[in-house]
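One-letter residues, chain by chain:
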Amino acid sequence: MAVLYGPRISGGLFGPGVGIGLRKQDKQLAALFSSAIGAIDADGSLKAISLK
């Protein structure tokens, strides 16, 4: 399930949003990304960054 943060950017060069592509075998890297995003979401940093 995708969770979107910050203002929505659509159309033109940016498309429907921002994403990260990882290889299926990079499960440890995907877990690190998920953990980091979860941590900055929990402390409010993600919201502050996305509004800049």
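Thresholds applied
Residues numbered from 1 in each chain as written. Predicted model: local features only at pLDDT ≥ 70, side-chain atom pairs only at ≥ 80, totals over all residues. Heavy atoms only, no water. Helix = DSSP H or I, 4+ residues; strand = E, 2+ residues; numbered from the N terminus. Buried < 20%, exposed > 50% of the residue type's maximum accessible area, 1.4 Å probe, protein only. Areas by Shrake-Rupley, 256 points an atom, 1.4 Å probe, with all protein chains shown as cover. Salt bridge = Lys/Arg side-chain N within 4 Å of Asp/Glu carboxyl O. Patch = residues over 30% accessible without salt bridge, like charges linked within 9 Å, V, L, I, M, F, W, Y side chains within 5 Å. Polar contact = N/O pair within 3.5 Å; in protein donor to acceptor, adjacent residues only side chain to side chain.

Where an unreviewed UniProt entry is consulted, the protein appears under the name ABC-type amino acid transport substrate-binding protein, with the organism given as Phyllobacterium trifolii.

Asks: Can you walk me through the overall build of the protein in this structure?
Replies: Assigned secondary structure in the protein consists of two helices and zero strands. Residues classed as buried in the protein amount to 8% of the 52 residues present. By element, 64% of the accessible surface of the protein is carried by carbon and sulfur atoms, the whole surface being about 4700 Å².

Asks: In this structure, what is going on with the pattern of salt bridges? I would like to understand it.
Replies: Side-chain pairing between opposite charges can occur once the charged atoms of the two side chains come close. For the structure on display, the rule yields one salt bridge. Among the ionic pairs, Arg23 bridges to Asp26, the shortest N-O distance being 3.1 Å.

Asks: Any chance you could explain the environment of Gly19 here in plain terms?
Replies: By the secondary structure assignment, Gly19 is in the segment before helix H1 (27–42). Note on Gly19: relative accessible area 64%, which makes it exposed. With 15 residues separating them in the primary sequence, Gly19 and Leu4 have C-alpha atoms 9.7 Å apart.

Asks: Is there a simple way to think about a nonpolar patch on the surface in this case?
Replies: Together, Ile20, Leu22, Leu29, Leu32, Phe33 and Ile37 make up an exposed nonpolar region whose accessible area comes to about 510 Å². Assignment of secondary structure puts Ile20 in the segment before H1.

Asks: Please explain the environment of Asp43 as it appears in this structure.
Replies: Along the polypeptide, Asp43 turns up in the loop between H1 and helix H2 (45–51). In terms of polar contacts, Asp43 uses its side chain to reach the side chain of Ser45, at 2.7 Å.

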